[in-house]
Amino acid sequence: FLAKWPARIAAGSRFGEPVAHVDLFATAAAAAGAKLPGDRVIDGVDLLARARGEIAGPVHDALFWRSGHYRALRAGDWKLQVSVRPQKSWLFDLAADPTERVDLAGARPEKVAELKERLAKLESEMAKPLWPALVEGSVAIDHTLAEPLEPADEYVYWAN
């Protein structure tokens, strides 16, 4: 994310911890001086104090994504991706492989199992989707949609 607010954030401020779109609501509320709702869990956190250098360390214990048949979890430097269609898991060590070129799922089955358990727990705490996907299509996981899908390419079905 990028932010410019000369009155509240010094120019050139940076922090390198992973954040997500869920943090926008909590950050905007804090910037406006609004209180977050107390009757529900808010997954996002206020990033302003981190941008000002007042708080250091991890922003989130883990980040979680899901869409249709696809799930992903980032916990520390590990990223697990799980697809039901096709049925496959990918595991990456982002510290050693930030561009996700070396799938370690076969070499680290214990880490896959640990992260799948964590993923299942997070998903059990989430609301079920309120409506079904209307369309889904194959999306290659290692190149853009502008490039044609080749038979050897790995892909997931992305529901929308």
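Placed above this text is the structure.
Report follows, based on the coordinates.

Definitions and cut-offs
Residues numbered from 1 in each chain as written. Predicted model: local features only at pLDDT ≥ 70, side-chain atom pairs only at ≥ 80, totals over all residues. Heavy atoms only, no water. Core = buried A, V, L, I, M, F, W, Y, C linked by side-chain atoms within 4.5 Å. Buried < 20%, exposed > 50% of the residue type's maximum accessible area, 1.4 Å probe, protein only. Helix = DSSP H or I, 4+ residues; strand = E, 2+ residues; numbered from the N terminus. Contact = heavy atoms within 4.5 Å. Pairing = 2+ DSSP bridges. Axes fitted to C-alpha atoms, helices over the stretch in contact; angles between N-to-C directions. Lys, Arg positive; Asp, Glu negative; His and termini not counted. Salt bridge = Lys/Arg side-chain N within 4 Å of Asp/Glu carboxyl O. Expected span 1.5 Å × (residues − 1). Phe/Tyr/Trp six-rings, centres within 6.5 Å; stacked < 30°, edge-to-face > 60°. Lys NZ or Arg CZ within 6 Å of the ring centre and 35° of its normal.

## Brief notes about the nonpolar core
Ranked by size, the top nonpolar core spans 11 residues in total: Phe64, Leu73, Ala75, Trp78, Leu80, Val82, Leu91, Ala105, Val112, Leu115 and Leu119. Elements with a minimum of two residues in this core: strand S2 (70-75), strand S3 (78-83) and helix H3 (109-124). Once you skip the residues sitting within four places of it in the chain, Ala105 turns out to touch Ser89, Trp90, Leu91 and Val112. Formed by 6 residues, the second largest nonpolar core is a distinct cluster that contains Tyr70, Ala72, Trp90 and Leu94.

## Looking at the sheet that holds S2
Within the open sheet, the 4 strands sit side by side as S1-S2-S3-S4. Their pairing is antiparallel. In this open sheet, the two strands that pair with only one neighbour each are strand S1 (63-67) and strand S4 (88-93). Put simply, the sheet's adjacent strands are angled 10° from each other on average, direction ignored. Seen against the sheet, H3 touches S1, S2, S3 and S4 and runs at an angle of roughly 110° to S2.

## Quick word on the side chain of Asp23
Tracing the backbone shows Asp23 in helix H1 (residues 23-32). We note that Asp23 is buried and unpaired, the nearest opposite charge coming from Arg50 at a distance of 7.8 Å. Apart from the residues lying within four places of it in its own chain, the contact partners of Asp23 are Gly44, Val45, Leu47, Val59 and His60.

## Examining the pattern of salt bridges
One pass over the structure, following the stated rule, counts 12 salt bridges. A salt bridge links Arg40 to Asp39; the shortest N-O distance between them is 2.9 Å. Judged by its relative accessible area of 51%, Arg40 falls in the exposed class. Given a relative accessible area of 60%, Asp39 falls into the exposed group. In this structure, the salt-bridge partner of Asp61 is Arg118, at a minimum N-O distance of 2.2 Å.

## A word on H3
Taking 1.5 Å of rise per residue, 16 residues should cover 22 Å, and H3 covers 22 Å from first to last C-alpha, within 8% of that figure. Those residues of H3 that are buried lie in contact with S1, S2, S3 and S4.

## Description of the packing of aromatic side chains
Two descriptors summarise a pair of aromatic rings, namely the distance from one centre to the other and the angle between the planes of the rings. Applying the stated criterion across every chain, the model contains 2 aromatic pairs. Measuring from centroid to centroid gives 5.6 Å for Tyr70 and Trp158, while their planes differ by 45°, and the two rings are tilted. Of the two residues, Tyr70 sits in strand S2 while Trp158 sits in strand S6 (residues 155-159), which places them 88 residues apart along the sequence. Classification of Trp158 by relative accessible area gives partly exposed; the value is 39%. Ring centres 5.8 Å apart and planes at 90° place the aromatic pair Tyr155 and Tyr157 in the edge-to-face group. On the accessibility criterion, Tyr155 (26% relative accessible area) is partly exposed. A relative accessible area of 24% places Tyr157 in the partly exposed class. The positively charged end of Arg85 is found above the aromatic ring belonging to Tyr157, 4.3 Å away from the centroid.

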